[in-house]
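A closer look at the structure
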Amino acid sequence: MSNASAPQSEQELLNARLEQANQQLLQSEKLAAIGQLAAGVAHEINNPVGYVYSNLQTLDNYLNDLFRLTEAVDNARCIEDLRQIKQNIDYDFLKDDLRDLLAESREGIERVKTIIAAMKDFSHIEEEEFKPADLHRGIETTLNVVNNELKYKAEVVREFGDLPEVECIISQINQVIMNLLVNAAHAIETFGRITIRTRQKGSTVVVEVQDTGRGISPEHRHRIFEPFFTTKPVGKGTGLGLSLSFNIIEKHQGTLDVESAPGEGTCFRITLPIVHPDTDNE
Ligand SMILES: Nc1ncnc2c1ncn2[C@@H]1O[C@H](COP(=O)(O)OP(=O)(O)O)[C@@H](O)[C@H]1O
Ligand SMILES: [Mg+2]
């Protein structure tokens, strides 16, 4: 190797290759996740944009009616003419409906803004720095981004405690939470509940993602963190989500644990140090 000043052992070379392959996997899983998100987000944005668009058409009609009324002011022979036009355009209904249309459109645009803000928050892939971050905000961002995958499968319950800011790479933590949420949704047959629980525990914080899905059988239990281990059909699962999540949490010097009762559900627990132990000497 040209850049090695000292001769490297076979082992070191292999380790370096493994690390590189791991980074590539992380990157490709990120890209796959973003592709999946983009599809979901397009779907989420489509609905509000659809009704805002149709509201604009109705508003256009209403405006024409209102202009007819105001322009008639110049030509009307008597106030009775104006009253007639006002009645013809169903002014009272128009007035109420106009307010409703505007309120509904504003809501739709707010929804689109929220989704876009979440996407922006979520897509800071380039950010690789440990920085104090608000985990609740990260969870909300992630929920917004995966809403499309969750809403038909589960009611999402938040049991949030008081959390300090946590020194972490928030885009990566968001990715872990996204993996856990999507897995939870996949594990639910028809409709269930996903509970996200947070609390501080001494110098760490705990984030739990619990579902009421099918659970994990004991023979799979010790394999789920293996790269490429999946019980899902081809195209649905890559088997990389949990192994990458595990790596990310390990890099944060935290732990990722699981408890599961087949037929009842599963709970994944992330524990993270509030202050990243390596930050001082980085
Ligand atoms: N919440 C869960 N409930 C039941 N099984 C789960 C859950 N999360 C993960 N698993 C199991 O772990 C396997 C590996 O998960 P993961 O690494 O995310 O890969 P993938 O989701 O692509 O299959 C899944 O195929 C599934 O069998
Ligand atoms: Mg997965």
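Residues numbered from 1 in each chain as written. Chains lettered and ligands numbered in written order. Predicted model: local features only at pLDDT ≥ 70, side-chain atom pairs only at ≥ 80, totals over all residues. Heavy atoms only, no water.

1. Here's the deal with the pattern of salt bridges
- One pass over the structure, following the stated rule, counts 11 salt bridges.
- Measuring nitrogen to oxygen at the nearest pair gives 3.2 Å for the salt bridge that ties Arg-77 to Asp-81.
- In this structure, the salt-bridge partner of Glu-159 is Arg-197, at a minimum N-O distance of 2.9 Å. Of the two residues, Glu-159 is situated in strand β2 (residues 154-160) and Arg-197 in strand β4 (residues 192-201); the sequence distance between them amounts to 38 residues.
- The network of salt bridges with shared partners includes Glu-159, Arg-197, Arg-199, Glu-208, Glu-259 and Arg-269. (Salt bridge = Lys/Arg side-chain N within 4 Å of Asp/Glu carboxyl O. Helix = DSSP H or I, 4+ residues; strand = E, 2+ residues; numbered from the N terminus.)

2. Some details on the packing of helix α4 (residues 135-150) against helix α5 (residues 170-187)
- Relative orientation of the contacting elements α4 and α5 amounts to 40°, with a least axis distance of 9 Å. What the angle tells us is that α4 and α5 run oblique. Crossing handedness for the pair α4 and α5: right-handed. Along its contact with α4, which presents Leu-135, Gly-138, Ile-139, Thr-141, Thr-142, Leu-143, Val-146, Glu-149 and Leu-150, the element α5 presents Ile-170, Ile-173, Asn-174, Ile-177, Met-178, Leu-181, Val-182, Ala-185 and His-186.
- For the contact of α4 with α5, a count of residues per class yields 12 nonpolar, five polar and one charged. (Axes fitted to C-alpha atoms, helices over the stretch in contact; angles between N-to-C directions. Parallel < 35°, antiparallel > 145°, perpendicular 65-115°, else oblique. Left-handed = near helix turned anticlockwise from the far one by under 90°. Contact = heavy atoms within 4.5 Å. Nonpolar A, V, L, I, M, F, W, Y, C, P; charged D, E, K, R; others polar.)

3. Here's the deal with the layout of surface pockets
- In this model, the largest pocket occupies a volume close to 810 Å³.
- Those elements that provide at least two residues to the lining of the largest pocket are α1 (10-75), α5, α7 (241-251) and β7 (265-273).
- The greatest single-element share of the lining of the largest pocket, amounting to seven residues, is contributed by α5.
- Looking at side-chain class alone, the lining of the largest pocket contains 12 nonpolar, 15 polar and five charged residues.
- Each of domain 1 (9-123) and domain 2 (129-281) accounts for three or more of the residues forming the lining of the largest pocket. (1 Å grid on protein atoms, 1.4 Å probe; cavity = no way out; pocket = protein on both sides within 12 Å on 5 of 7 lines; lining within 4 Å. Points joined across faces, edges and corners; volume = space filled by probe spheres on them. Domains from an automatic or database assignment.)

4. A short note on the site of ligand 1
- Taken together, 19 residues are adjacent to ligand 1, and Thr-230, Thr-231, Lys-232, Thr-238 and Leu-242 come closest.
- Interatomic distance of 3.4 Å between a backbone N/O atom of Gly-241 and an oxygen atom of ligand 1.
- A distance of 2.8 Å is found between an oxygen atom of ligand 1 and a backbone nitrogen or oxygen belonging to Leu-242.
- Summarising the interface, the protein chains cover 94% of the accessible area of ligand 1, which totals 530 Å² for the free molecule.
- Assessed atom by atom at 2 Å from the grid points, ligand 1 resides in the largest pocket.
- Among the secondary structure elements, those contributing two or more residues to the shell around ligand 1 are α5, α7 and β7.
- Residues that form the shell around ligand 1 fall into these classes: eight nonpolar, nine polar and two charged. (Near = heavy atom within 4 Å. Polar contact = N/O pair within 3.5 Å; in protein donor to acceptor, adjacent residues only side chain to side chain. Areas by Shrake-Rupley, 256 points an atom, 1.4 Å probe, with all protein chains shown as cover. Sits in = over half its atoms within 2 Å of the grid points.)

5. A look at the domain arrangement of the protein chain
- Along its sequence, the protein chain is carved into domain 1 (9-123) and domain 2 (129-281).
- A separation of 30 Å is found between the C-alpha centroids of domain 1 and domain 2.
- In this complex, domain 1 contributes 18 residues to the contact, which on the side of domain 2 involves 25 residues.
- Of the roughly 1900 Å² buried at the junction of domain 1 and domain 2 (both faces included), carbon and sulfur atoms supply 57%.
- Where domain 1 touches domain 2, the interface holds zero salt bridges.
- The interface formed by domain 1 and domain 2 holds one residue pair in polar contact (both at pLDDT 80 or more) in total. (Buried area = accessible area lost by both parts, 1.4 Å probe.)

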